[in-house]
Structure formats: C-alpha cells, structure tokens
Amino acid sequence: MNGSLPSNMLDIKLKRGSAGLGFNIVGGMDQEYVLNDSGIYVSKIKDDGAAGMDGRLNEGDKILAINGVQLEGLTHKATVDLFRMAGEDVQLLVLKRSPHSNGPLGSGPDPNAPLSALGILVVLAGAAALCAFIYMRQQRRPF
C-alpha cells in the first residue's frame, strides 16, 4: 500500500511460519464481538508466532483486509478460510486499537443500553426497603 494510511491504520506483512501466522481472531457477521460491529478482531497473539515476533499486531486490533480482500460483511468461517488460503506471505490492513482503550474499538458502555443487572438490583432493593418501612410504620399505629 502507499504511505497515505491514517495514523491509526497499519499495513502489516507477515510470513507464515510452521505454526501459521500466530494469532487468533474473533468476530464476523455471524459472531459479532463488538456491539453493532461485525468486524474481525485479534483475540490472542502467540509470542512465538509470526505476528508475535513481528510485534506490530496487538490483541484488540481490527483486521480490515487480508491480501487486499476487505473483510466487511464476511462470516467468521469465511474469514478463517481466507486466512488459510492467503499463502505464505500475508498482507494485513489493520485498524489499531486506541491506546486509551482496554478492549477492542467500540467496546465501551453503550449509552443506549438498558439498565444493567446491578442497576436493577439496586432499584429493587430500594423498593423493598421502602415497602418494609411503610409496613412497619403502619403496624405501630394505635387503635
């Protein structure tokens, strides 16, 4: 590729070793890993594999293309098959994970998501305490 990639994108060329490329992936149209994103993400880097020895690919990075083939819209299995048929020299277009993120891109809390289980428990505990207070107060009334 040419040198005009955005700073958060990286063109990585790996040479397949005896143990393959040395990383695992998650995601795809059929196995969404990040909410509302069917992209392919690196889930594990094997230290002694091609990717680990190269050092540029990291867990949480999003793989956009393999040998120029865009991964958008592919299932997990179709992507794995594409990796298997990619040959000995493999070129990856990668969107780097934000350095301020603990997980893959877009993995932060969804502001539109419904209440979490903990939030629901807190609300229920408060309602139960209020009901108990009202009940106990009514029991103390004189006749």
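Residues numbered from 1 in each chain as written. Predicted model: local features only at pLDDT ≥ 70, side-chain atom pairs only at ≥ 80, totals over all residues. Heavy atoms only, no water.

- The name recorded for the protein in an unreviewed UniProt entry is Synaptojanin-2-binding protein, from Champsocephalus gunnari.
- Regarding the protein, the relevant UniProt record gives this comment under Subcellular location (unreviewed entry): "Mitochondrion outer membrane". (UniProt positions renumbered as here; feature names shortened; annotations may be inferred.)

Some remarks on the overall build of the protein
Argument step 1. Secondary structure summary: the protein contains three helices and six strands in total.
Argument step 2. Counting helices and strands in the order they occur from the N terminus, the protein gives β-β-β-α-β-β-α-β-α.
Argument step 3. In the protein, which comprises 143 residues, the proportion classed as buried is 29%.
Argument step 4. Partitioning the intrachain contacts of the protein with sequence separation of at least 6 by distance along the chain shows that 59% fall at a separation of at least 24.
Argument step 5. Of the roughly 9,700 Å² that the protein leaves accessible, carbon and sulfur atoms contribute 57%. (Helix = DSSP H or I, 4+ residues; strand = E, 2+ residues; numbered from the N terminus. Buried < 20%, exposed > 50% of the residue type's maximum accessible area, 1.4 Å probe, protein only. Contact = heavy atoms within 4.5 Å. Areas by Shrake-Rupley, 256 points an atom, 1.4 Å probe, with all protein chains shown as cover.)

Re the nonpolar core
Argument step 1. Core analysis: the largest hydrophobic core is formed by 18 residues, its most contacted members being Leu14, Phe23, Leu57, Ile63, Ile66, Phe83 and Leu92.
Argument step 2. Within the residue set of this core, elements represented by two or more residues are β1 (9-15), β2 (23-27), β3 (40-45), β4 (62-66) and β6 (89-95).
Argument step 3. Discounting chain neighbours no more than four positions away, the residues touching Leu14 are Leu21, Phe23, Ala50, Ala51, Asp54, Glu88, Asp89, Val90 and Leu92. (Core = buried A, V, L, I, M, F, W, Y, C linked by side-chain atoms within 4.5 Å.)

As for the environment of Arg84
Argument step 1. For Arg84, the location among the structural elements is in helix α2 (residues 76-84).
Argument step 2. Taking the relative accessible area as the measure of exposure, Arg84 reaches 64% and is therefore exposed.
Argument step 3. Along the primary structure Arg84 and Gly20 are separated by 64 residues, whereas in three dimensions their C-alpha atoms are 8.8 Å apart.

Looking at a nonpolar patch on the surface
Argument step 1. Together, Ile120, Leu121 and Leu124 line one region of the surface with nonpolar side chains, adding up to about 290 Å² of accessible area.
Argument step 2. The class of Leu121 is exposed, set by a relative accessible area of 53%. (Patch = residues over 30% accessible without salt bridge, like charges linked within 9 Å, V, L, I, M, F, W, Y side chains within 5 Å. Salt bridge = Lys/Arg side-chain N within 4 Å of Asp/Glu carboxyl O.)

Overview of the pattern of salt bridges
When the charged atoms of two side chains lie near each other, side chains of opposite charge can form a pair.
Argument step 1. The full count for this structure, using the stated rule, is six salt bridges.
Argument step 2. A salt bridge links Lys15 to Asp89; the shortest N-O distance between them is 3.1 Å. One end of the pair, Lys15, is in strand β1; the other, Asp89, is in strand β6, and 74 residues separate them in sequence.
Argument step 3. Residue Asp54 is joined to Arg56 by a salt bridge in which the shortest nitrogen-to-oxygen separation is 2.8 Å.
Argument step 4. By relative accessible area, which is 31% here, Asp54 ends up partly exposed.
Argument step 5. Taken together, the shared-partner salt bridges connect Lys15, Glu88 and Asp89 into one network.

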